[in-house]
Amino acid sequence: MKLFRWHTVIGLMTILTVLPVTRAQQKQNQNGPHIGYVYPAGGKAGTTFEVVIGGQFLTGLTNVFISGGGIQATITDLIRPITGKELNDLRIKMDELLARKAVVKNDFKALENFRSFKNAKSIKDDKSDNKKNDATDDKEIEELKKKYANATWTAEDDRLINEVRRKISTNVRRPDNPAISEIATVQVTVDPDAKSGDREVRLGTPQGLTNPMLFKVGQMPEFSKPAVKNLRSKITFKEVQMGLQSKIAKEKAEAKITLPVVVNGQIMPGAVDRFRFTARKGMRLVLASSARELIPYLADAVPGWFQATLTLYDSSGKEVAYDDDFRFNPDPVLYYEIPDDGDYVLEIKDSIYRGREDFVYRIVISEMPFITSIFPLGGPANASTMIELKGWNLPVTRMTVDNHDKTAGIYPVSVRKDDLVSNFAPFAVDNLPECVEKEPNSQHRTAQTLNLPVIVNGNIDHPDDRDFFKFEGKAGDEIIAEVNARRLNSPLDSKLVLSDSQGKEIVFNDDCEDKGSGLETHHADSCLRAKLPADGTYFVEIVDTQHQGSPEYAYRLRISAPRPDFVLRVVPSSINLRAGGTVPVTLYALRYDGFTNSITVALKDAPSGFRLSGTSISATQDQVRITLTAPPMPQKQPVQLNIEGRATIDGNVVVRPAVPAEDMMQAFAYRHLVPSKELRVGIGGRFQQRGVVKILSELPVKLPAGGTVGVKLNIPEKILVDRKVAFELSEPPAGITIQKILPSAASTEIILASESEKVKTGQKGNLIIKASAKRSGTPTKSKSKTNKQDSQMSTLPAVPFEIVSK
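The structure presented is a predicted model; accordingly, all values stated were derived computationally and were not measured.

(A) Geometry of the overall build of the protein. When helices and strands are tallied, the protein shows seven helices and 59 strands. Looking at the protein as a whole, 50% of its 806 residues qualify as buried. In the protein, the share of contacts with a sequence separation of at least 24, taken over all contacts with a separation of at least 6, comes to 72%. Only carbon and sulfur atoms are counted for the fraction: they give 49% of the accessible area of the protein, which is about 38900 Å².

Quick look at the structure:
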């Protein structure tokens, strides 16, 4: 069995015997193996098909992991850009093959462009003397004849020379995006009874697990264009221009498809994909694309995702439908009632003709039910709510949602028509009393009276509609008014205004950022907080800032006293470490309604041997780095972990799950916490028989502002000296440094120092300390400065600290 060689363990045994890690390997371990796209990004249950996955740092790829069960995947190939040394070796191999073939076939014309080698070194030309060159060529040919006098040439040699030629021609050019420069080919088999829905794909490499990518399992037939596998250099402007000219001339190929179907493709620069199908009069087609849903953010593209457009043409080439988004969702959706029997053509492209291998799409074309809106957008817990549905091909327009035994949160709602399942609509469940907005309420004098706390379910049902609500308040009362609309797929772009009994504005809010909504780029929901100045009547007004409105512009408006709460995100969602090792993990605490209490995190139902360190998030922290330590035994399969946080709110202990997430960059600048389905941990290396490093000092360490404090470890001086162990702080808070190291016979003490002008009394957090050790074996003879190739980096368990007065 081939075990993963992942991040190094920090333990006594590890410090004694460490593996060499080059500078390049350290960079890979820092960045980690990564995947940027999966194509096709899904498949039909009961089928076997090829999937191409583009990424980086995939050398030695060993496994494919797809969540949810019922899917088998096998790696069949890995294409990657070759290094300069590999390219040189291939050219030497090619020269040797050509030379042997020339001798055996007695045909030396093939050697006109031949670069011969002796002992892997090329013979230099002297172009200043043609006679000398000719003599040299004759001499080389005679030497080759002697060298390969008894050589043979077989069909296997023809295959080998073609393979070497292919590798040189397809790998020599560097791709325009290194993040997807390596291409893995995988054979995927989906069981007939595999559950439909969204899965996550991860690859396993000697360096660990990759990040997850979305993969969909369905019941509908699928059509996929051939995957793009060549490693391209950058596309030139001329090539893009040629693509545009091809579009204008309508010389594009049209793939023939049969409905119903899911179409898969990749858009390349300047490309337009077209699909021809036959439809019958009266068919009510939904054409729903997924592009941004598959890859939420692109770090190196503006606006930060593949902005697809859909156009439908009839048999005469006339455009009959077009969409470039579905309301505020970048992925377009078309609905079209077929007026006549005949052929129709669907066209998809990027809105500004960009393209690349990771411009991946899926388009569902069928008479599937599609929900465009629901009302109300939520309901109370421990009750049933009757909702109205709007959309296309719906089997019902009203349905009851059972909220019994549901805690507060957001749940998916869908409908089924025969064998087709609709898209999901989010439905919010809450514990507060609820009511429905009642018209007329478009002025102060007709404002709807509310008893707080309450959640109002309403809508801005026509352009420039304004909804007013009034309530009685007392001086000093704190009030929160919050809209939940865009986060529940409503197109409403709300604005809230709080005013007094005379209509005088007290406070207003347009957009309120919610970092917990990682897929939102326009945080259109409003939220305001105010302390009421006097006893009396107060008004809350809600409008659409774009002056739009329709019954689908629904909202949930909460008006209540503050309800302090929090949610957690853990980053990354794929964690890699060696058996017995320790690795930093980032936790984000997203605080709501003024929540300022501390949070304690812990593993929930974790397998034996896993341990978290630095598990407290102080009242002033929104982000903290903790550490995860693995058990001493490596694992064949990634382990799923669950982390939860506990805090006291109004005297009650509240428990919230830490949702796995990826910290994704959008368009070179913006960052988003995008939720994943699972937190997976890959554990490689060898079984560790000895204990890990332990912190002997009392925690948290009390570091005086402007002073020092020691952190004692169970590392004896002999190991520290023999292995030349060095320590450094990883991303420390400003003003905190390692002053010196004090070894002793049985332990080692790290002296921490703080600068009084850069730290604050009461400041809390975790310190992440990394240790480096010289590799075992023969000392290096290099006279250069510090030889990074002989160092191995490891991580200690997190060290909680508190700044105290000196």
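(B) Structural detail: the pattern of salt bridges. Inspection of the entire model under this criterion finds 41 salt bridges. Note that Glu482 and Arg487 form a salt bridge whose closest N and O atoms lie 3.3 Å from each other. The exposure class of Glu482 is buried, given its relative accessible area of 19%. We note a salt bridge from Asp514 to Arg487, for which the minimum N-O separation is 3.0 Å. Taken together, the residues Asp514 in the loop between strand E36 (505-509) and strand E37 (527-531) and Arg487 in the loop between strand E34 (478-484) and strand E35 (494-499) connect sequence positions 27 residues apart.

(C) Examining the sheet that holds strand E18 (residues 319-323) more closely. On the basis of which strands lie adjacent, the open sheet formed by five strands has the order E13-E15-E20-E17-E18 and mixed pairing. Because the sheet does not close on itself, it has two edges, and the strands there are strand E13 (254-256) and E18. Within the sheet, the average angular offset between the axes of one strand and its neighbour, ignoring direction, is 25°. Judged from the six bridges that link them, strand E17 (residues 308-313) and strand E20 (residues 342-350) form a sheet pairing that is antiparallel. For Tyr313, the partnering residue across the bridge sits in E20 and is Val345.

(D) Main features of the packing of aromatic side chains. Following the criterion strictly, the structure yields eleven aromatic pairs and no others. Between Phe471 and Tyr538, the aromatic rings sit 6.0 Å apart at their centres with planes inclined by 25°, giving stacked as the arrangement. Of this pair, Phe471 sits in strand E33 (residues 466-473) while Tyr538 sits in strand E38 (residues 536-544), and the two are 67 residues apart along the sequence. Judged by relative accessible area, which is 2%, Tyr538 ranks as buried. Here the basic side chain of Lys406 rests over the ring of Tyr411, its NZ or CZ set 4.9 Å away from the ring centre. It is Arg486 that lies over the ring of Phe328; its NZ or CZ is 4.4 Å from the centre.

(E) The environment of Lys390, seen in detail. Note on placement: Lys390 falls in strand E24 (residues 384-392). Leaving out residues up to four positions away in the same chain, Lys390 has contacts with Phe370, Ile371, Thr372, Ser373, Pro551 and Glu552.

(F) Structural context of the environment of Asp419. Within the secondary structure layout, Asp419 lies in the loop between strand E27 (416-417) and strand E28 (420-421). Separated by 200 residues in sequence, Asp419 and Gln219 place their C-alpha atoms 8.5 Å apart.

Thresholds, definitions, all that
- Residues numbered from 1 in each chain as written.
- Predicted model: local features only at pLDDT ≥ 70, side-chain atom pairs only at ≥ 80, totals over all residues.
- Heavy atoms only, no water.
- Helix = DSSP H or I, 4+ residues; strand = E, 2+ residues; numbered from the N terminus.
- Buried < 20%, exposed > 50% of the residue type's maximum accessible area, 1.4 Å probe, protein only.
- Contact = heavy atoms within 4.5 Å.
- Areas by Shrake-Rupley, 256 points an atom, 1.4 Å probe, with all protein chains shown as cover.
- Salt bridge = Lys/Arg side-chain N within 4 Å of Asp/Glu carboxyl O.
- Pairing = 2+ DSSP bridges.
- Axes fitted to C-alpha atoms, helices over the stretch in contact; angles between N-to-C directions.
- Phe/Tyr/Trp six-rings, centres within 6.5 Å; stacked < 30°, edge-to-face > 60°.
- Lys NZ or Arg CZ within 6 Å of the ring centre and 35° of its normal.

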